[in-house]
Amino acid sequence: MTKSVPLSITPFDSLPDNKRVWPAAPNSHEEGLGRLSLLTPEVVASAAQSCIKTGIRVSLNWDLRKLDTANFNRAPAQHHIVSLLDGAAFDDVYIFNPQQSSQWDGLRHFSAPFPTPQDPSRRLFYGGVTAAEIGDRSNHRIGMQHWAKEGICGRGVLLDYAAWAERNGVEYSAFSNHAIPLRVLKQIADEEKIIFRRGDVLLVRIGVTREWDTQMSPADKLAYGSDPNPQHAGVEGTEEMLRWIWNEGFAAVAGDAISFEVYPKQDSFKTEGGREVPGLLMHEYLIAGWGLPVGELFDLEELSKTCQRLGRWEFFVSSAPLNMPGGVSSPPNCLAIF
């Protein structure tokens, strides 16, 4: 009898439904992990042994107050210091939206269309979870608590597109519909001598935090925050990109971009040979379809400098999402360790 191949390692073109890879039982911890199931103890141990050599540590967490003028009606973080015991001690009170600064998009963050004749506008979250389930605060299915129990730990690899663009005279704004094609990501990986491994955490630097912190005026930031049609640079949203992400076996993807893939969704992209291919919204596949964590607005500036100084673009990633039952997203609380 031929043994069936687990869905997690089935090639993209052999998946029964590449928009619905839901192999785990509903309400199980395995369902809550999603694609993080690739981070087995063996994969994590191997990553630690091969990547941690110097003990140098770099934080990937942007200032919690950024984006201080975010779009989509996301309010800036509030931080209150509260006195107690007649001033002998102090507490913090934080009020913030994780999506407004460095964050992991959890499995409850984004849905995908799954229309039926009776309900042509039906959308579902990973595993077939409905919006009604998420709205029920007693229901914690596919919540952030599953990621928090084990963290997101493994080998991280940085594809430094911003540095590549500088070397090659490619000018763009991170607040535009500038898109990174797959062939360029592969070229960068070759130049950095990166050979991917199943379970890697892919990081792509496009320069959002650098542009926000060093090039944009307060008026520029205010204009972005109030723009009803914002543009975000990112990787191309194509089936080719999805196929690569799946087949390389990434456990998570992240970057300093606001939406990882270019936003808004483009109708089409031109290939290197001039052929047009349709664009798609990758969040619907990555999060709702595969249960793959998507990190956004990570601060990759110091990481880029460290990788260039050490001459290596691999490191150990240690991320501890907030342990919030039913949580939708979380600050990454992430370190890169060399």
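Residues numbered from 1 in each chain as written. Predicted model: local features only at pLDDT ≥ 70, side-chain atom pairs only at ≥ 80, totals over all residues. Heavy atoms only, no water.

As recorded in an unreviewed UniProt entry, the protein chain goes by Cornichon and comes from Metarhizium acridum.

Some words on helix α9 (residues 239-248)
An α-helical segment advances 3.6 residues per turn. Residues three or four places apart therefore align on the same side. Our working definition: Only protein chains enter the calculation, and the probe is 1.4 Å; a residue is then buried if its accessible area is under 20% of its type maximum, exposed if over 50%, and partly exposed in between. Each helix is a run of DSSP H or I of at least 4 residues and each strand a run of E of at least 2, with the numbering of both proceeding from the N terminus.
Turning to α9, its buried residues are Met 241, Leu 242, Trp 244, Ile 245 and Trp 246. Gly 249 sits one or two residues past α9 and shows a positive phi near 80°.

Examining the packing of aromatic side chains
The description of an aromatic ring pair rests on the distance of the ring centres and on the angle between the ring planes. This is how it is decided: Planes of paired rings set the category: under 30 degrees apart is stacked, over 60 is edge-to-face and the rest tilted, where pairs are Phe, Tyr or Trp rings (Trp by its six-membered ring) whose centres lie within 6.5 Å. The criterion is that NZ of a Lys, or CZ of an Arg, lies within 6 Å of the ring centre and within 35 degrees of the ring normal, and then a charge sits over that ring.
Across all of its chains, the model carries 14 aromatic pairs by this definition. Here Tyr 161 and Trp 164 contribute two aromatic rings whose centre-to-centre distance is 5.6 Å and whose plane-to-plane angle is 25°, an arrangement assigned as stacked. Of this pair, Tyr 161 and Trp 164 both sit in helix α5 (residues 161-167), three residues apart, which is roughly one turn of the helix. Looking at Tyr 161, the relative accessible area reads 2%, which means it is buried. Between the aromatic rings of Phe 196 and Phe 250, the centroid separation amounts to 5.2 Å while the plane-to-plane angle is 90°, which identifies the pairing as edge-to-face. Of this pair, Phe 196 sits in the loop between α6 (182-191) and β9 (201-205) while Phe 250 sits in the loop between α9 and β11 (252-255); the two residues are 54 residues apart in sequence, bridging distant segments of the chain. The exposure classification of Phe 196 matches that of Phe 250, with both residues buried. Its end group placed over the ring of Trp 22, Arg 20 keeps NZ or CZ at 5.5 Å from the ring centre. In this structure, Arg 35 is placed above the aromatic ring of Trp 246, and the distance from its NZ or CZ to the ring centre is 3.7 Å.

A few points about the environment of Thr 10
Using the following cut-off: We call two residues in contact whenever any of their non-hydrogen atoms come within 4.5 Å of each other. For this analysis, a polar contact is any N or O atom pair within 3.5 Å, provided that within protein one partner can donate a hydrogen and the other can accept it, and provided that sequence-adjacent residues contribute only side-chain to side-chain pairs.
Note on placement: Thr 10 falls in the segment before α1 (29-33). Separated by 239 residues in sequence, Thr 10 and Gly 249 have C-alpha atoms that sit 9.9 Å apart. Not counting residues within four places of it along the chain, the set of residues in contact with Thr 10 comprises Val 5, Leu 15 and Trp 246. From its side chain, Thr 10 meets the backbone oxygen of Pro 6 in a polar contact 2.8 Å long.

So, the pattern of salt bridges
As a reminder of what qualifies: When a carboxyl oxygen of Asp or Glu is within 4 Å of a side-chain nitrogen of Lys or Arg, the pair counts as a salt bridge.
This structure, assessed with the given rule, holds 16 salt bridges. Lys 19 is the salt-bridge partner of Glu 284, the closest N and O atoms lying 3.6 Å from each other. Of this pair, Glu 284 sits in helix α10 (residues 282-289) while Lys 19 sits in the segment before α1, and the two are 265 residues apart along the sequence. You can call Glu 284 buried: its relative accessible area is 11%. With a shortest N-O distance of 3.0 Å, Arg 167 and Glu 191 are connected by a salt bridge.

Observations concerning the sheet that holds strand β7 (residues 152-160)
The criterion, for reference: One bridge is not enough; two strands pair if DSSP finds at least two bridges between them. Between N-to-C directions, angles span 0 to 180 degrees; the directions come from axes that are lines fitted to C-alpha atoms, helices contributing only their stretch in contact.
One open sheet accounts for nine strands, arranged β1-β17-β15-β7-β9-β11-β14-β4-β16; its pairing is mixed. Here the strands that pair on one side only, and so sit at the sheet edges, are β1 (57-59) and β16 (329-330). Where β11 and strand β14 (residues 294-296) come together, two bridges link them in parallel fashion. Within the sheet, the bridge partner assigned to Val 253 lies in β14 and is Val 294. Sheet contacts for helix α11 (residues 301-310): β1, β7, β9, β15 (314-319) and β17 (334-337); angle to β7, the most-contacted strand, approximately 75°.

Quick word on the pairing of β9
Extensive coverage of β9 is indicated by the burial of five of its five residues. As judged from the four bridges shared by β9 and β11, these two strands associate in the parallel manner. If you follow Leu 202 over to β11, its bridge partner there is Val 253.

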